[in-house]
Amino acid sequence: LNFEVLLRMREKDDSIVPAWKLIKAAERNGRIATIDKWVLTSTLEWLAANAGHLKNSSYVSVNLSGGSLNDEKFIEDAFAILGRYGRTVERICIEITESVALHDLTNTRHFIDGIRKFGAKLALDDFGAGYTSFSYLRSLPADAVKIDGAYVKDLLAHPANQAIVQAIVDLTRNLGMKCIAEWAEDVPTLEALAEMGVDYVQGYVVSQPLAPDRILLGNSAADFIED
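Because the structure is predicted, anything quoted here is derived from the model rather than measured. (Residues numbered from 1 in each chain as written. Predicted model: local features only at pLDDT ≥ 70, side-chain atom pairs only at ≥ 80, totals over all residues. Heavy atoms only, no water.)

1. Some thoughts on the confidence of the model for the protein
Here comes step 1: The predicted model of the protein averages 91 in pLDDT, with 97% of residues at 70 or higher.
Here comes step 2: Looking at the elements of the protein, mean pLDDT is at its lowest for helix α7 (residues 133-137), recorded as 68, and at its highest for helix α10 (residues 187-196), recorded as 97. (pLDDT = per-residue confidence, 0-100. Helix = DSSP H or I, 4+ residues; strand = E, 2+ residues; numbered from the N terminus.)

In structure tokens, the structure reads:
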């Protein structure tokens, strides 16, 4: 029962603000680190409070923004937050985008080494969207790689996408990492990804986003597959 935490903000009329608008505004006005700290803390609190219902959850993913990871004060605060939650941290997988990870490789290594001391995992998000992925991957001790959804969404329609996904799968396996395919939306795509050796899929083929209380009613991800 592994899943990713999604952040949503509602307007007064109960409509949902697109996540990219919220993030863009927060990065522009300097509040993104505050939001990231709140999300990290809230997730750990929720995991600790509901540990008994999440026995089959080996990890729960949380995204951090580039603005936060380039902020030394945020990194110190993040380490302090992780230090307060003991074994619960072992269920956290922090996701950072490939472009952010490669922006400052030394700083990224410092951050990865730090969170691993507390037991957290790390995944490189949107892998393959950049141009330097393969050459730098050996320098980043990530636990998992999330294949950019643009390759997965049209996987069966474009042989080139299949070749790229297969190359990423083979590379991550040889480096001892897990690979996750996001935007998996139908059964034929799911079957193709399984044949390629992808470890995990994320997307509507499993479930659309669910409220936290609804997730607690399942024993595994399979409980949410309706078709």
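2. So, the pairing of strand β4 (residues 60-63)
Here comes step 1: Relative to β4, strand β1 (residues 3-4) runs parallel, the two being bridged by 2 bridges. Each residue of the ladder has a partner; that of phenylalanine 3, found in β4, is valine 60.
Here comes step 2: Examined bridge by bridge, β4 and strand β5 (residues 92-97) share 4 bridges and lie parallel to one another. Each bridged residue has a counterpart across the sheet, and for serine 61 the counterpart in β5 is cysteine 93. (Pairing = 2+ DSSP bridges.)

3. Thoughts on the pattern of salt bridges
Should the charged atoms of two oppositely charged side chains come close, the side chains can pair.
Here comes step 1: With the rule as written, the count across this model stands at 9 salt bridges.
Here comes step 2: Among the ionic pairs, lysine 146 bridges to glutamate 4, the shortest N-O distance being 3.0 Å. With lysine 146 in strand β7 (residues 144-147) and glutamate 4 in strand β1, this residue pair connects regions lying 142 residues apart in the sequence.
Here comes step 3: Residue lysine 146 is classed as buried on the basis of its relative accessible area of 1%.
Here comes step 4: The class for glutamate 4 is buried, based on a relative accessible area of 18%.
Here comes step 5: Its salt-bridge partner being aspartate 77, residue lysine 37 comes within 2.9 Å of it at the nearest N-O pair. Of this pair, lysine 37 sits in helix α2 (residues 32-49) while aspartate 77 sits in helix α4 (residues 72-83); the two residues are 40 residues apart in sequence, bridging distant segments of the chain.
Here comes step 6: Within the structure, one salt-bridge network assembled from shared partners comprises Glu4, Glu95, Lys146 and Glu182. (Salt bridge = Lys/Arg side-chain N within 4 Å of Asp/Glu carboxyl O. Buried < 20%, exposed > 50% of the residue type's maximum accessible area, 1.4 Å probe, protein only.)

4. Considerations on the packing of aromatic side chains
Here comes step 1: Tallying each qualifying case throughout the model produces 4 aromatic pairs.
Here comes step 2: Between phenylalanine 3 and tryptophan 46, the ring centres sit 6.2 Å apart and the planes meet at 80°, which makes this aromatic pair edge-to-face. On the criterion of sequence distance, the pair formed by phenylalanine 3 in strand β1 and tryptophan 46 in helix α2 is long-range, its members being 43 residues apart.
Here comes step 3: Measuring from ring centre to ring centre gives 5.8 Å for tyrosine 59 and tyrosine 200, while their planes differ by 80°; the resulting arrangement is edge-to-face. Taken together, the positions of tyrosine 59 in the loop between α2 and β4 and tyrosine 200 in strand β9 (residues 200-202) put the pair 141 residues apart, joining distant regions of the chain.
Here comes step 4: On the basis of relative accessible area, tyrosine 200 is assigned to the partly exposed category, the value being 30%.
Here comes step 5: Members of the aromatic cluster, joined through ring pairs, are Phe79, Phe111 and Phe118. (Phe/Tyr/Trp six-rings, centres within 6.5 Å; stacked < 30°, edge-to-face > 60°.)

5. Section: the environment of valine 198
Here comes step 1: As for its placement among the helices and strands, valine 198 is situated in the loop between α10 and β9.
Here comes step 2: Among residues more than four places away in sequence, those in contact with valine 198 are Ile147, Val169, Cys179, Ala181 and Leu193. (Contact = heavy atoms within 4.5 Å.)

6. Points about α4
Here comes step 1: With 12 residues, α4 should cover 16 Å at 1.5 Å per step; its first-to-last C-alpha distance of 17 Å lies within 8% of that length.
Here comes step 2: Along α4, the positions that sit buried rather than exposed are Phe74, Ile75, Asp77, Ala78, Phe79, Ile81 and Leu82.
Here comes step 3: Those residues of α4 that are buried lie in contact with α2, α3 (66-69) and α6 (105-117). (Expected span 1.5 Å × (residues − 1).)

7. What about the packing of α2 against α4?
Here comes step 1: At a closest axis distance of 10 Å, the pairing of α2 and α4 adopts a crossing angle of 10°. The angle between α2 and α4 places the two elements in the roughly parallel class. Here α2 contributes Ala33, Asp36, Lys37, Leu40, Thr41 and Leu44 to the contact with α4, which in turn contributes Phe74, Asp77, Ala78, Ile81 and Leu82. (Axes fitted to C-alpha atoms, helices over the stretch in contact; angles between N-to-C directions. Parallel < 35°, antiparallel > 145°, perpendicular 65-115°, else oblique.)

8. Here's the deal with α10
Here comes step 1: All of the buried residues along α10 are Thr189, Ala192, Leu193 and Met196. The buried side chains of α10 occupy one side of the element, clustering within an arc of 100° when seen end-on. Turned more than 90 degrees away from the buried face of α10 sit Ala194 and Glu195, all of them exposed.
Here comes step 2: Those residues of α10 hidden inside the fold are in contact with α8 (149-153), α9 (159-174), β8 (178-182) and β9.
Here comes step 3: Of the residues trailing α10, glycine 197 is marked for its positive phi of about 100°. (Arc of directions from axis to C-beta.)

9. Section: unusual backbone geometry
Among all residues save glycine, negative phi is the norm, and among peptide bonds the norm is trans.
Here comes step 1: Of note in the backbone geometry, aspartate 14 takes a positive phi value of approximately 75° without being a glycine.
Here comes step 2: As for its position among the elements, aspartate 14 is in the loop between β2 (9-10) and β3 (16-17).
Here comes step 3: In the Ramachandran plot, aspartate 126 falls in the positive-phi region, its phi being about 55° despite a non-glycine side chain.
Here comes step 4: Looking at where aspartate 126 falls in the secondary structure, it is placed in strand β6 (residues 121-127).

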